[in-house]
Structures are given as structure tokens and as C-alpha cells.
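Understanding the architecture of this molecule
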Amino acid sequence: MNRRATPQPLDVRPVTDAELADWTRAVNTGFLRPPTVPDRMLADRRVAFAGSRVSGAFDGGRCVATFRSFDQELTAVGGAAVPADGISNVTVAPTHRRRGLLTRLMADDLAAAKERGDVVATLIAAEYRIYGRYGFGPATTMTEWSIDVPRAGLDPRWAGPLDGGRIDFADGEEIRRLGPQLHERLRRERAGVIDRNEHWWAARTGRLWLYGDAWVEPFFVVYRSADGVVEGMASYRTDEKWSDAKQPLNTAAVNWLTAVTPAAERALWHYLCSIDWIATVRTGWRAPDDLLPLHLPDPRAASITTQADWLWVRVLDVVRALEARTYAASGVSVLEVVDRAGLAGGRFLLDATPDGASCAPTTRDADLTLDVADLATLWLGDETVGRLVSLGRVREERAGAAREADALLRTSGRPWCPDMF
Ligand SMILES: CC(C)(COP(=O)(O)OP(=O)(O)OC[C@H]1O[C@@H](n2cnc3c(N)ncnc32)[C@H](O)[C@@H]1OP(=O)(O)O)[C@@H](O)C(=O)NCCC(=O)NCCS
């Protein structure tokens, strides 16, 4: 006789504080990390996740799926921040996959985010094909370079910066004190940047242990302009590697680097490329249009090692999303936004000028028909309407409408999200 057990219904719900250890074990299992969690890491996660919405699925009392979201601010084109639902720690145990658990957790979270009034939801996708079905579109690109230092053409007898500014080492306390203000400046200027709360700084300076191996202190450097203003800082680690012929072959790997002026950017990269013994600089997650290669006398010394989609965005409120950003020109565009989940779809008239925009539901004929995921891809300016029309993803309902929309939406710089979450 076939004695297969009848599957019990799975319990999908918010996680209690007492269940956080089991939930974290499930996260680690999903991300292929050792399942047990050191006590200190669990305690620190409890601190860092205090304001988060932590949910999961339970089978017989054991956590088999995980999901976390939290309040975030995302910078739109032009510098305004919109309230976002940041999504993270998404896993389903390999024993329970493809039974719709992610779909249930995501549907609950997006509905709640919409209800709260978040303009968008965001995440960093582990795999490209997971999130489009939920209305997310890739909205920023990440580029990582590897710099072959001897080829860069810089003077190895570094005595810079040559602009009157200076670079100094800093400790974690100084980074926690100076970093947040610098990041605030960055996020007022760059679309795609998200806010960093105190836990972000605590985790990057050894105060909180949230992920990975035990803390190893990196090097921190701060760039100040000739006026003494902090305009850049970086965190990097180095290895110790020598060739058999006693040649130094060390790498400086940048954990994060923030520069709010081209001078700071130039000074920090030149500094990193002129540290004795360093033969390679790995840049970490940079913007695809970083000035970096062109800051080097020989830009070909910087070769791209990774270029991929990074921040994914799900528009929850079309009107507020389109009104929050700025536009390069004046014009009107009627967008038919298709949203299978019924959260944000409809026909909207965007009336944009460089001085401000309004957006409202309309009954006028549509100029363009597009999926809500493609709207997200266009919203931060990392893609053009013309290309999406060519791909058959955006339908041009009136000849010339794509070109006109691109004239409104185009941006002079590409969006960038420097952070993983
Ligand atoms: C990705 C993951 C969360 C999906 O969970 P799941 O519960 O199996 O997902 P669901 O059953 O709700 O799947 C919903 C749909 O997405 C599809 N899907 C899920 N994961 C997919 C993937 N990696 N690639 C392509 N399609 C995927 C399913 O086939 C299903 O399609 P359907 O609706 O057409 O049938 C899970 O497989 C996992 O934990 N993977 C490892 C960790 C990970 O990548 N997490 C994401 C971090 S950003």
C-alpha cells in the first residue's frame, strides 16, 4: 500500500523573536552557508533587524522559508528620496521549493507595502529570472574593475593629492562619525542610492557582526579637499602575495568607496594604485559610468571583471514615482501600465517639464503600453524606451512616442546603488 504522508498545510506568517534563531538557520541553509549561527551574530542580527518585518513559512514548527523587508529610502532621478520597501533574506528550503512559498510571501509583503504608502519595492536579485514575475525590473547596473597597477601609468612615487587636498588613515570611530554625512551628500546627488542606517556603519566598522566570517579590520582612508571638507572615503583590504622571484603581487580589494567630487574620486583611486607592493586593485561594486578608467593615464589598465544588473525596483505607486523624479525636457506622455498583480496598473498622463511634473490617471489614448517591470527599468534612467520597443517589451501606440518619451526620461548620468542588502 502506498503510505506517502499527506502534506500538511504550510504556515506562512510573521516570525516571533523566539523563532529568529530557527529563521536565521533557514536563511543560511537557503544561501548555502553553514546552518548554525554563532551567538554573537544572532544577537547582532537581532539589533540590526529590530525595525524589520521578518516573516517565514513553517512546516511542523520548523522554518522552511524566509523573507524580510524594511523601510528604505531610494533616490529618484533629480535627488528626491522616495519611501521604499527594501526586501532581503529571501529563501525557500531546497526541500520546499517550487510550491509557491516565495509567491505567497512576496504577495503579502507587496500588498502591505502598497497599503503603507511605499512608492516602490527594491531588492538585489540573486538570479535574473526570479523577480520579473512579481513586477520587478532591473533598474541599476553594477560594474567591477580590476586595475593592473603597473600598466596604469601613474607615478609610483605617490606624493598626492596634487589639488591641495589630503588623504589620511582613519579608524572605525571616525568613519562612523564622518561617513553618514558623506553618504547623505551622495544620495542627494545620485539616482539609485539608498540610505545607510547606523547599523550599516556599525557592521562595516566591526561593531556589529551580521554576515560572513569574524571581523577583520580593513584600512580606512578619508579624502579632505583643500578647504578641509570631507569629500571621499574608502575601506579596503589587502593580501600578502609574493612571486617566487620575490616580486610583490599584492591586491588591494575595495570594500566600498564613496566620493562626492571628481577630485576625491581621482585622489582615492590614485592613492590605491600607488601603495607599495600593490600590483592589482579590485574596485568593488562601482557605477557603470564611473570616471575611474579615465582617471588613469592608461584607462585600459582597468578591465571590467563583472558587469551585471544590480538593484531591482517594483513600482507600487505610478503617480508618486513619476512625480518624484525630474525630467530633461518638457512634454506629455500617456502610459498604459500593465500590472498583472493589480497593484499599480492603469493609464497615466505624465506632463513633465524640467521644473516639475504632474502625473494623473487619464482616459486619453495611450502613447506607450508597457509592463510595470519595464516602467521600473526606465524610471531611474538606466534604460531607454527605444531599446525596449526594439525588444518588443514596450509597444509604441503612436509613431514617435518612444523618441519623445526618451527625450523626457533621459538622464546625464546612470543610476547607481552602491550597496548590497
Ligand atoms: C528563489 C527561491 C526563493 C524560489 O522559491 P520558491 O518557493 O521555489 O518559489 P515559488 O514556488 O513561489 O516560485 C514561483 C515561480 O518562480 C519560479 N522560480 C522560482 N525560482 C526561480 C529561479 N531561481 N529561476 C527561475 N524561476 C524561478 C518558479 O518556477 C515559479 O514559476 P511559476 O509561477 O511559473 O510556476 C528559492 O528557490 C531559493 O531559496 N533559492 C536559493 C536562494 C535564493 O536565490 N534566494 C533569492 C535571493 S535574492
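Under an unreviewed UniProt entry, the chain has the name UPF0256 protein and belongs to Streptomyces asoensis. Of the chain, the UniProt comment under Sequence similarities (unreviewed entry) reads exactly: "Belongs to the acetyltransferase Eis family."

**Some remarks on the overall build of the chain**
Helix and strand content of the chain: 11 helices and 19 strands. Taken over C-alpha atoms, the radius of gyration comes to 24 Å for the chain, in line with the 22 Å a tight globule of 421 residues would show. Overall, the C-alpha framework of the chain stretches about 70 × 65 × 40 Å when taken along its three principal axes. Taken over 421 residues, the chain has a buried fraction of 40%. Once local pairs closer than 6 in sequence are excluded, the contacts in the chain between residues at least 24 apart make up 72%.

**Observations regarding the sheet that holds strand 9 (residues 219–224)**
What holds strands together in a sheet is hydrogen bonding between their backbones, with the strands either parallel or antiparallel. Spatially, 8-9-10-11-12-7-13 is the arrangement adopted by the 7 strands of the open sheet, whose pairing is mixed. A strand with exactly one partner marks an edge of an open sheet, and here the two such strands are strand 8 (166–170) and strand 13 (302–309). Taking the axes of each pair of neighbouring strands and ignoring which way they run, one obtains an average angle of 25° across the sheet. Sheet strands touched by helix 6 (residues 262–272): strand 8, strand 9, strand 10 (230–238), strand 11 (250–259) and strand 12 (278–282). Its angle to strand 10, the strand with the most contacts, is close to 25°.

**As for the UniProt feature "active site" (unreviewed entry) in the chain**
This chain's UniProt record puts "active site" (unreviewed entry) on Tyr 131 and Phe 421. Following the sequence through the fold, Tyr 131 ends up in the loop between strand 5 (120–124) and strand 6 (137–138). A count of 23 C-beta atoms within 10 Å places Tyr 131 in the buried class. Every residue in contact with Tyr 131, bar those within four places of it in the chain, is listed here: Leu 123, Ala 125, Phe 136 and Trp 312.

**Side note on the site of the ligand**
Neighbouring the ligand are 18 residues, the closest being Val 92, Arg 97, Leu 102, Thr 103 and Ala 126. Of all elements in the fold, only strand 4 (81–92) and helix 3 (101–116) reach the threshold of two or more residues within the shell around the ligand. For the shell around the ligand, the residue count by class is 8 nonpolar, 4 polar and 6 charged.

**With respect to the sheet that holds strand 6**
Taken together, the 7 strands give an open sheet; going across it, the order is 1-2-3-4-5-14-6, and neighbouring strands pair in mixed fashion. Pairing within the sheet leaves two strands with one partner each, and these edge strands are strand 1 (11–14) and strand 6. The sheet contact formed by strand 4 and strand 5 spans 3 bridges and is parallel. Directly across from Gly 86, in strand 5, lies its bridge partner Thr 122. Most of the contacts of helix 3 go to strand 4, to which it runs at about 160°, and overall it touches strand 1, strand 2 (53–59), strand 3 (62–75), strand 4, strand 5 and strand 14 (311–315).

**Description of the domain arrangement of the chain**
With domains assigned, the chain is organised as domain 1 (11–118), domain 2 (143–307) and domain 3 (317–409). Computed from C-alpha coordinates alone, the two centres of domain 2 and domain 3 are separated by 37 Å.

**Regarding the environment of Val 90**
Relative to the assigned elements, Val 90 resides in strand 4. Setting aside residues no more than four positions away along its own chain, Val 90 makes contact with Thr 66, Phe 67 and Leu 102.

**A look at unusual backbone geometry**
Most peptide bonds adopt trans geometry, and most residues besides glycine take a negative phi value. If you check the backbone angles, Lys 246 has positive phi at about 65° while not being a glycine. Residue class for Lys 246 comes out exposed when judged on the 6 C-beta atoms lying within 10 Å of it. One non-glycine residue with positive phi stands out, namely Trp 277, at about 80°. Note that Trp 277 resides in the loop between helix 6 and strand 12. With 15 C-beta atoms packed within 10 Å, Trp 277 lands in the partly exposed category.

**Considerations on the pairing of strand 17 (residues 356–361)**
The pairing of strand 16 (residues 346–353) with strand 17 spans 6 bridges and is antiparallel. Across the sheet, the residue bridging to Leu 349 is Ala 360, located in strand 17. Hairpin connection, strand 16 to strand 17: the antiparallel pair is bridged by 2 residues.

Conventions adopted
- Residues numbered from 1 in each chain as written.
- Predicted model: local features only at pLDDT ≥ 70, side-chain atom pairs only at ≥ 80, totals over all residues.
- UniProt positions renumbered as here; feature names shortened; annotations may be inferred.
- Helix = DSSP H or I, 4+ residues; strand = E, 2+ residues; numbered from the N terminus.
- Rg over C-alpha atoms; globule rule 2.2 N^0.38 Å.
- Buried ≥ 20, exposed ≤ 12 C-beta atoms within 10 Å, placed from the backbone.
- Contact = placed C-beta atoms within 7 Å.
- Pairing = 2+ DSSP bridges.
- Axes fitted to C-alpha atoms, helices over the stretch in contact; angles between N-to-C directions.
- Near = placed C-beta within 6 Å.
- Nonpolar A, V, L, I, M, F, W, Y, C, P; charged D, E, K, R; others polar.
- Domains from an automatic or database assignment.

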